[in-house]
Amino acid sequence: MATLKRTASDDIARTTPHKIRRSAAEAPKTGTRTVAVHVGSGTEKRTFDIYQDTLIRHSEFFKAALNPSSNWMEGQQRSVSLPEDCPQNFEILFHFLNTGSIFASKEDDISGTSSTSCPLDLEWGRLTECWALGQKLLSTTYKDAVVDTIIEKMRTSGRFCSNLHEYPCQNSTPSRAFRKLLVDVVVYRWSQKTWAEIGDGLSSFPDFLLDIARAQSKISKKGFPTTLPWAGDDCTYHEHMDDGTPCYKTLF
Ligand SMILES: [Zn+2]
């Protein structure tokens, strides 16, 4: 007979209060029209039906694509194709748009060892790919939620990803807020051993290296704070602080 295994996330779900009674004004403003978003290509291709108003609220990319007065075919057909994107990663965005949460961890994410002798955890890479998808789709809410997921993982696991910066810096230009987190991970968590093992790789990202030098210079004057900079539950690492849009936490 199959045995149901109790997990840490079950415990969190049981102990976190859920507000069931809310005002009608708080109801999700989804509208009734949906858009078919086709993601991936070939046999991997999947279609996600999403409320148009939800897509527009969370993504400047979809807002432009679905604008009926624009010349984009997508706006007239209510259909958008993203052939180069990964359906599995888009599914994480799909669930975020519906719930405000990031469902990205998997049971078998941790296996073997990485080059830095730490357990290899596939969730870190998946989260940075999610951030890159948010960057491509111009979704500040999604990027901020992904950043909070990275922070929560660091807090609850006590671990960090020493090369968290690599994928975002190689494939995009991280915003000021996300770059601050990537810099703080190096400044506050890298040991001498980490520097010896992978520090040379930072020479590929001179601007990032300069930010690290500036942050370390501030610490050498003021000293290390008693708590890690991501200990608070605030918007320190949120991009909406710079672009003036609402925090994703207020939209769900
Ligand atoms: Zn915020």
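Residues numbered from 1 in each chain as written. Predicted model: local features only at pLDDT ≥ 70, side-chain atom pairs only at ≥ 80, totals over all residues. Heavy atoms only, no water.

Here's the deal with the coordination of the zinc ion
Phase 1 of the analysis: Coordination of the zinc ion by the protein comes from Cys235 (SG), His238 (ND1), His240 (NE2) and Cys247 (SG), over a distance range of 2.1 to 2.3 Å.
Phase 2 of the analysis: Here the donor residues for the zinc ion map to a single chain with the spacing C-x2-H-x1-H-x6-C. Of this pair, Cys235 sits in the loop between helix H11 (206-222) and helix H12 (240-243) while Cys247 is found in the segment after H12, placing the two residues 12 residues apart along the sequence. (Donors = N, O, S within 2.8 Å, 3.2 Å for Na, K, Ca; no water. Helix = DSSP H or I, 4+ residues; strand = E, 2+ residues; numbered from the N terminus.)

Observations concerning the packing of helix H7 (residues 140-157) against helix H9 (residues 176-189)
Phase 1 of the analysis: At a minimum axis separation of 11 Å, H7 and H9 run at an interaxial angle of 20°. Between H7 and H9, the angle is such that the two are roughly parallel. At the point where H7 passes H9, the crossing takes the left-handed sense. Between H7, through Val147, Ile150, Ile151 and Met154, and H9, the contact on the second element is made entirely by Phe178, Leu181 and Val185.
Phase 2 of the analysis: Grouping the amino acids of the contact of H7 with H9 by side-chain chemistry returns 7 nonpolar, no polar and no charged. (Axes fitted to C-alpha atoms, helices over the stretch in contact; angles between N-to-C directions. Parallel < 35°, antiparallel > 145°, perpendicular 65-115°, else oblique. Left-handed = near helix turned anticlockwise from the far one by under 90°. Contact = heavy atoms within 4.5 Å. Nonpolar A, V, L, I, M, F, W, Y, C, P; charged D, E, K, R; others polar.)

Some details on empty space enclosed by the protein
Phase 1 of the analysis: This structure, assessed with the given rule, holds 1 cavity of 30 Å³ or more.
Phase 2 of the analysis: A volume near 50 Å³ is recorded for the largest cavity.
Phase 3 of the analysis: If you trace the largest cavity, you find it lined by Leu55, His58, Ser59, Phe62, Leu93, Leu97, Leu133, Gly134, Leu137, Ser139 and Tyr142.
Phase 4 of the analysis: Within the residue set of the lining of the largest cavity, elements represented by two or more residues are helix H2 (52-58), helix H5 (87-99) and helix H6 (122-136).
Phase 5 of the analysis: Tallied by class, residues from the lining of the largest cavity come to 7 nonpolar, 4 polar and no charged.
Phase 6 of the analysis: Lining the lining of the largest cavity are residues from two domains, each supplying at least three of them: domain 1 (34-101) and domain 2 (120-252). (1 Å grid on protein atoms, 1.4 Å probe; cavity = no way out; pocket = protein on both sides within 12 Å on 5 of 7 lines; lining within 4 Å. Points joined across faces, edges and corners; volume = space filled by probe spheres on them. Domains from an automatic or database assignment.)

Digging into the confidence of the model for the protein
Phase 1 of the analysis: Per-residue confidence for the protein averages 87 on the pLDDT scale, and 87% of its residues sit at or above 70.
Phase 2 of the analysis: Throughout residues 6-14 the model reports pLDDT below 50, and contacts reaching past four residues in sequence, or to other chains, amount to 4 contacts. (pLDDT = per-residue confidence, 0-100.)

Some thoughts on the environment of Lys153
Phase 1 of the analysis: By the secondary structure assignment, Lys153 is in helix H7.
Phase 2 of the analysis: Between the C-alpha atom of Lys153 and that of Trp124, which follows or precedes it by 29 residues, the distance is 9.0 Å.
Phase 3 of the analysis: Looking at Lys153, its side chain comes within polar contact range of the side chain of Glu123, at 2.9 Å. (Polar contact = N/O pair within 3.5 Å; in protein donor to acceptor, adjacent residues only side chain to side chain.)

A closer look at the packing of aromatic side chains
Phase 1 of the analysis: Within the structure shown, the criterion is met by 8 aromatic pairs.
Phase 2 of the analysis: Note on Trp190 and Trp195: the rings are 4.9 Å apart at their centroids and 75° apart in plane angle, and the pair reads as edge-to-face.
Phase 3 of the analysis: On the basis of relative accessible area, Trp190 is assigned to the buried category, the value being 8%.
Phase 4 of the analysis: Among the residues examined, Trp195 registers a relative accessible area of 29% and is labelled partly exposed.
Phase 5 of the analysis: An aromatic cluster is built from Phe96, Tyr142, Tyr248 and Phe252, whose rings are joined through pairwise contacts.
Phase 6 of the analysis: Here Lys153 stacks its cationic end above the ring of Trp124, 4.9 Å away from the centre of that ring. (Phe/Tyr/Trp six-rings, centres within 6.5 Å; stacked < 30°, edge-to-face > 60°. Buried < 20%, exposed > 50% of the residue type's maximum accessible area, 1.4 Å probe, protein only. Lys NZ or Arg CZ within 6 Å of the ring centre and 35° of its normal.)

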